[in-house]
Amino acid sequence: MSDDKLLLSLVVPCCNEEEVLQNFYDTTLAVLNGMTELSYEFVFIDDGSKDKTLSIMKELAKTDKNVRYISFSRNFGKEAGILAGLRAAAGDYVVLMDADLQHPPKYLPEMYDKLKDGKYDSVAMKRTHRKGEGLFRRLFSKMFFKLMTKLAENDIPEGATDFRMMSRQFVDSVLSLTEYNRFTKGIFGWVGYETYWISYKDEQRAAGKSKWKSGSLFKYSIDGMVAFSTKPLAFASAFGLLLFVLSTITMLVFFIKTLIWGDPVAGFPTLICVILMMSGLQILFLGILGQYFAKAYMEVKGRPVYITKESNLEKNENDKLSEEK
Ligand code: UDP
Ligand code: MG
């Protein structure tokens, strides 16, 4: 690293990416070599890979002194990888990228251009459309971004990805949020600053498989909402109140009707339906409550977000990392 150049850190969480990692490195390096005003460092995070991902990282580190790697003791999830990478990144600018080339490195110069004159604090990419995704998944993701924007009260544009280049100040702000349940898409919006959005056409994974299943995407969305909004709780209370008022009115109506006309009360099937509906709703809202309780429980435990098994970071950097819980 030469001293007079600004440093760009590339943070890359990897989980079982042996098929694509070398390709990612070569492609990205070619782009970086064209960005002559910057020096670079790669920060690879091996998130409990079961394949040769870690040994590829080690090979890269042997031949390129600008390659750092952190290897977790098991899979902690992409959010944990992002956190470890951001903590380790020393750059004046930091860019977050997927290893599968779905965040094409060719956009790096454009992102840097927007960032370098200091008008923006981060430059983020959003996809215009995603190839090879079913109708259901597209609809679901559209709904997710709409709902998240409403709930979290900060704008998460549709198709927002984690592909983002940030200034040092922006990164430090992101790191100042010490929560255990990390929903990075929300955190990026929450910290504020000026973000410039660039649209790009999504590319297919260069090799390997996506780590997401529809089930885990659903869980991710729920986690995001719970982490960034307490509105579901308010909604549950409001709905409960509404039902209470409605049922009181209905009761009064029946009471008065019986007093005046002496109608026998009929309609057991309706009664069963109402009981079922009410108990269903109660369980649903208990569930919502439980989600928050569970999150609070995990926060209170104060466990570390990830555990590092090995890395080639300088000793003191590692100490610093473990101190920050
Ligand atoms: N990833 C990770 N830990 C995980 C899952 C994924 O570090 O538990 C990494 C993965 O290696 C990739 C990035 O996160 O670099 C995005 O994952 P993927 O391509 O599977 O997600 P998709 O692009 O399908 O949303
Ligand atoms: Mg991908």
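Residues numbered from 1 in each chain as written. Chains lettered and ligands numbered in written order. Predicted model: local features only at pLDDT ≥ 70, side-chain atom pairs only at ≥ 80, totals over all residues. Heavy atoms only, no water.

A. Representation of the packing of helix 1 (residues 21–34) against helix 2 (residues 53–63). With their axes 10 Å apart at the nearest point, helix 1 and helix 2 run at an angle of 35° to one another. Residues Leu21, Gln22 and Tyr25 of helix 1 form the contact with helix 2, whose own contacting residues are Thr53, Ile56, Met57 and Leu60. Of the residues assigned to the contact of helix 1 with helix 2, the class counts are five nonpolar, two polar and no charged. (Axes fitted to C-alpha atoms, helices over the stretch in contact; angles between N-to-C directions. Helix = DSSP H or I, 4+ residues; strand = E, 2+ residues; numbered from the N terminus. Contact = heavy atoms within 4.5 Å. Nonpolar A, V, L, I, M, F, W, Y, C, P; charged D, E, K, R; others polar.)

B. Summary view of the coordination of the magnesium ion (ligand 2). Coordination sphere of the magnesium ion (ligand 2), protein contribution only: Asp100 (OD) and Gln102 (OE1), at 1.9 Å. The exposure class of Gln102 is buried, given its relative accessible area of 14%. (Donors = N, O, S within 2.8 Å, 3.2 Å for Na, K, Ca; no water. Buried < 20%, exposed > 50% of the residue type's maximum accessible area, 1.4 Å probe, protein only.)

C. Seen up close, a nonpolar patch on the surface. Together, Leu252, Phe255, Ile256, Leu259, Ile260 and Trp261 make up an exposed nonpolar region whose accessible area comes to about 720 Å². If you trace the backbone, Trp261 turns up in helix 9 (residues 231–261). (Patch = residues over 30% accessible without salt bridge, like charges linked within 9 Å, V, L, I, M, F, W, Y side chains within 5 Å. Areas by Shrake-Rupley, 256 points an atom, 1.4 Å probe, with all protein chains shown as cover. Salt bridge = Lys/Arg side-chain N within 4 Å of Asp/Glu carboxyl O.)

D. Quick peek at the nonpolar core. Ranked by internal contacts, the top residues of the largest apolar core, which has 40 residues, are Phe42, Phe44, Val95, Leu108 and Met111. Top element by residues in this core is helix 1. It accounts for six residues. Counting 36 residues, the second-largest nonpolar core is a separate cluster that includes Val43, Leu86, Leu151 and Met225. (Core = buried A, V, L, I, M, F, W, Y, C linked by side-chain atoms within 4.5 Å.)

E. Quick peek at the packing of aromatic side chains. The tally for this structure, following the rule as stated, stands at 18 aromatic pairs. Where Phe235 meets Phe239, the ring centres are 5.9 Å apart and the plane angle is 35°; that geometry is what we call tilted. With Phe235 and Phe239 both in helix 9 and four residues apart, this pair spans about one turn of that helix. Centroid distance Phe235 to Phe285: 6.4 Å. Interplanar angle 85°. Geometry classified as edge-to-face. (Phe/Tyr/Trp six-rings, centres within 6.5 Å; stacked < 30°, edge-to-face > 60°.)

F. Representation of the site of ligand 1 in the model. Ligand 1 sits among 17 residues. The nearest are Glu17, Asp47, Asp100, Ser210 and Lys211. Asn75 is positioned with one of its side-chain polar atoms (N or O) 3.1 Å from an oxygen atom of ligand 1. Classifying every residue of the shell around ligand 1 by side-chain character gives five nonpolar, four polar and eight charged. (Near = heavy atom within 4 Å. Polar contact = N/O pair within 3.5 Å; in protein donor to acceptor, adjacent residues only side chain to side chain.)

G. A look at the pattern of salt bridges. A full pass over the atoms with the stated rule returns twelve salt bridges. When the shortest N-O distance is used, the salt bridge between Lys185 and Asp162 registers 3.4 Å. Of this pair, Lys185 sits in helix 7 (residues 184–190) while Asp162 sits in strand 6 (residues 160–167), placing them 23 residues apart in sequence. Like Lys185, the residue Asp162 is buried in the burial classification. In this structure, the salt-bridge partner of Lys295 is Asp223, at a minimum N-O distance of 2.9 Å. Remark: Asp223 occurs in helix 8 (residues 214–228) and Lys295 occurs in helix 10 (residues 268–301); sequence separation between them is 72 residues.

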